[in-house]
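# A closer look at the structure
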Amino acid sequence: MRVAPVGGTAVQDHVALAEIELCGELIIAASAADEDRLSLESIDEVLRVAEERVSGG
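As a starting point, this report considers the structure included with it. (Residues numbered from 1 in each chain as written. Predicted model: local features only at pLDDT ≥ 70, side-chain atom pairs only at ≥ 80, totals over all residues. Heavy atoms only, no water.)

## With respect to the packing of helix H1 (residues 14-32) against helix H2 (residues 40-47)
Axis separation between H1 and H2 bottoms out at 10 Å; the angle between their running directions is 135°. Classified by the angle their axes make, H1 and H2 are oblique. Seen along the crossing, H1 lies across H2 with a hand that is right-handed. Counting all contacts with H1, which are made through Leu22, Glu25, Leu26 and Ala29, the residues of H2 involved are Ile43, Val46 and Leu47. Grouping the amino acids of the contact of H1 with H2 by side-chain chemistry returns 6 nonpolar, no polar and 1 charged. (Axes fitted to C-alpha atoms, helices over the stretch in contact; angles between N-to-C directions. Helix = DSSP H or I, 4+ residues; strand = E, 2+ residues; numbered from the N terminus. Parallel < 35°, antiparallel > 145°, perpendicular 65-115°, else oblique. Left-handed = near helix turned anticlockwise from the far one by under 90°. Contact = heavy atoms within 4.5 Å. Nonpolar A, V, L, I, M, F, W, Y, C, P; charged D, E, K, R; others polar.)

## Quick look at the environment of aspartate 44
Examined against the element boundaries, aspartate 44 turns out to sit in helix H2. Residues aspartate 44 and leucine 26 lie 18 residues apart in sequence; the distance between their C-alpha atoms is 9.9 Å. Leave out the neighbours within four places in its chain, and aspartate 44 touches Val49 and Ala50.

What follows is the structure, encoded as structure tokens:
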């Protein structure tokens, strides 16, 4: 059995970390919502989709 060495060998996938952060934000928004499901508009707001369209990102 091989074990990863201790120390600065961790690899960070920045795209995966960003996706995990967005999922976390959606979970928090869904748990705080009054309705059973988030509307598409609420999801866009949480994910800041409109801001991306305006900034051209």
